[in-house]
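Letter by letter, the chains look like this.
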Amino acid sequence: MPKTNSLPAKSKKPQTKTAGAKGNSKLEEFFTDALKDIYWAEKHLTKALPKMKKAATTEELKSAIEEHIAQTEEHVSRLDQVFELMGKKAQAKKCDAMEGLVKEGESVVEETEEGTMTRDVGIIIAAQKVEHYEIATYGGLVQLAKTMGMDEAADILGQTLEEEKQTDRGLTEIAENNINWEAEQEDGEEE
Ligand SMILES: [Fe+2]
């Protein structure tokens, strides 16, 4: 290589980075708070999803939700494991965002007719908003866990992150393959 990089002057102030966040209690506190938030959110979902499943029109959507109910229960127990790894008691702290997203899903059900494809369209979009909140949360938590040298926790949270992404993709597929189109046809029929 023709060009040699000149090293910065030795006098440059070294980065005052603490060795991992194990020593950074503020960051660990933030991380724990975020865990409590998503713990509440997941538990809330275990109660909300069965209602969504019941309200859904198609078997396809019902079974996708069913599958996600089982996954969500697993997500709760993974969070239990992460709390345990940290030597902390698993605690839930109310997540206003998830409460709002679930409420939005419930109003979609109220505002659409039972047995219609339009209802499924609405439920899918509401469910995807939930997934995206979870993807954002787990994405951030995985990175933080890695930064803090908590590799095992990062691994566990990463498994959940992958499942949330899969669920989101699955919902997109259901919508694009059938339901959106059928909902559009349904509109025509009613005229
Ligand atoms: Fe989840």
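Residues numbered from 1 in each chain as written. Predicted model: local features only at pLDDT ≥ 70, side-chain atom pairs only at ≥ 80, totals over all residues. Heavy atoms only, no water.

### Considerations on the overall build of the protein
Here is step 1 of the chain: Helix and strand content of the protein: five helices and zero strands.
Here is step 2 of the chain: Secondary structure of the protein in N-to-C order comes out as α-α-α-α-α.
Here is step 3 of the chain: A separation threshold of at least 6 residues defines the contact pool for the protein, and within that pool the share at least 24 residues apart is 79%.
Here is step 4 of the chain: Split by element, the accessible area of the protein, about 11600 Å² in all, is 50% carbon and sulfur. (Helix = DSSP H or I, 4+ residues; strand = E, 2+ residues; numbered from the N terminus. Contact = heavy atoms within 4.5 Å. Areas by Shrake-Rupley, 256 points an atom, 1.4 Å probe, with all protein chains shown as cover.)

### Remarks on the coordination of the iron ion
Here is step 1 of the chain: Here the iron ion is held by the protein donor atoms E42 (OE), E42 (OE), H75 (ND1), E134 (OE) and E164 (OE), which lie 2.0 to 2.6 Å from it.
Here is step 2 of the chain: Sequence spacing of the donors to the iron ion: E-x32-H-x58-E-x29-E. One end of the pair, E42, is in helix 1 (residues 25-55); the other, H75, is in helix 2 (residues 59-85), and 33 residues separate them in sequence.
Here is step 3 of the chain: Classification of H75 as buried rests on a relative accessible area of 0%. (Donors = N, O, S within 2.8 Å, 3.2 Å for Na, K, Ca; no water. Buried < 20%, exposed > 50% of the residue type's maximum accessible area, 1.4 Å probe, protein only.)

### Some thoughts on the side chain of D37
Here is step 1 of the chain: Tracing the sequence through the fold places D37 in helix 1.
Here is step 2 of the chain: One buried charged residue, D37, remains without a salt bridge, the closest side chain of opposite sign being K93 at 6.5 Å.
Here is step 3 of the chain: Engagement of the side chain of D37 in a polar contact is seen with the side chain of Y133, the distance being 3.1 Å. (Lys, Arg positive; Asp, Glu negative; His and termini not counted. Salt bridge = Lys/Arg side-chain N within 4 Å of Asp/Glu carboxyl O. Polar contact = N/O pair within 3.5 Å; in protein donor to acceptor, adjacent residues only side chain to side chain.)

### Thoughts on the nonpolar core
Here is step 1 of the chain: Of all hydrophobic cores here, the largest spans 49 residues; its most connected members are F31, L35, M98 and L157.
Here is step 2 of the chain: Mapped by element, the contributors of at least two residues to this core are helix 1, helix 2, helix 3 (96-111), helix 4 (117-147) and helix 5 (151-190).
Here is step 3 of the chain: With 12 residues, the single largest contributor to this core is helix 1.
Here is step 4 of the chain: With near-sequence residues (within four places) excluded, L35 lies in contact with L79, V82, F83, M86, L141 and L157. (Core = buried A, V, L, I, M, F, W, Y, C linked by side-chain atoms within 4.5 Å.)

### Overview of the packing of helix 1 against helix 2
Here is step 1 of the chain: Helix 2 packs onto helix 1 with a crossing angle of 155 degrees between their chain directions and a minimal axis gap of 9 Å. Regarding the angle of helix 1 to helix 2, the classification is roughly antiparallel. Like other packed secondary-structure pairs, helix 1 and helix 2 cross with a definite hand, here left-handed.
Here is step 2 of the chain: When its residues are assigned to classes, the contact of helix 1 with helix 2 shows 14 nonpolar, five polar and nine charged. (Axes fitted to C-alpha atoms, helices over the stretch in contact; angles between N-to-C directions. Parallel < 35°, antiparallel > 145°, perpendicular 65-115°, else oblique. Left-handed = near helix turned anticlockwise from the far one by under 90°. Nonpolar A, V, L, I, M, F, W, Y, C, P; charged D, E, K, R; others polar.)

### Description of the pattern of salt bridges
Here is step 1 of the chain: Going through the model one piece at a time under the given rule, you end up with nine salt bridges.
Here is step 2 of the chain: Within the structure, one salt-bridge network assembled from shared partners comprises E74, R78 and E163.

### Describing the confidence of the model for the protein
Here is step 1 of the chain: Considering every residue of the protein, the mean pLDDT works out to 89; 85% of them sit at 70 or more.
Here is step 2 of the chain: Scored below 50 in pLDDT, residues 1-21 shows six contacts in the model against residues more than four places distant or in partner chains. (pLDDT = per-residue confidence, 0-100.)

### What to know about helix 4
Here is step 1 of the chain: The end-to-end C-alpha separation of helix 4 is 45 Å, in line with the 45 Å expected for 31 residues at 1.5 Å each.
Here is step 2 of the chain: N-cap assignment for helix 4: the residue whose side-chain oxygen lies 3.2 Å from the backbone N of R119 is T116.
Here is step 3 of the chain: Where helix 4 terminates, the next one or two residues include G149, which has phi positive at roughly 75 degrees. (Expected span 1.5 Å × (residues − 1).)

### Focus on the packing of helix 1 against helix 4
Here is step 1 of the chain: Running from N to C, helix 1 and helix 4 point in directions that differ by 160 degrees, and their axes come no closer than 11 Å. As far as their axial angle goes, helix 4 and helix 1 are roughly antiparallel. Regarding helix 1 and helix 4, the two cross each other, and that crossing is left-handed. Residues L27, F30, F31, A34, L35, D37, I38, E42, L45, M52 and A55 of helix 1 form the contact with helix 4, whose participating residues are R119, I123, V130, Y133, E134, T137, Y138, L141, L144 and A145.
Here is step 2 of the chain: Tallied by class, the residues present in the contact of helix 1 with helix 4 amount to 16 nonpolar, one polar and four charged.

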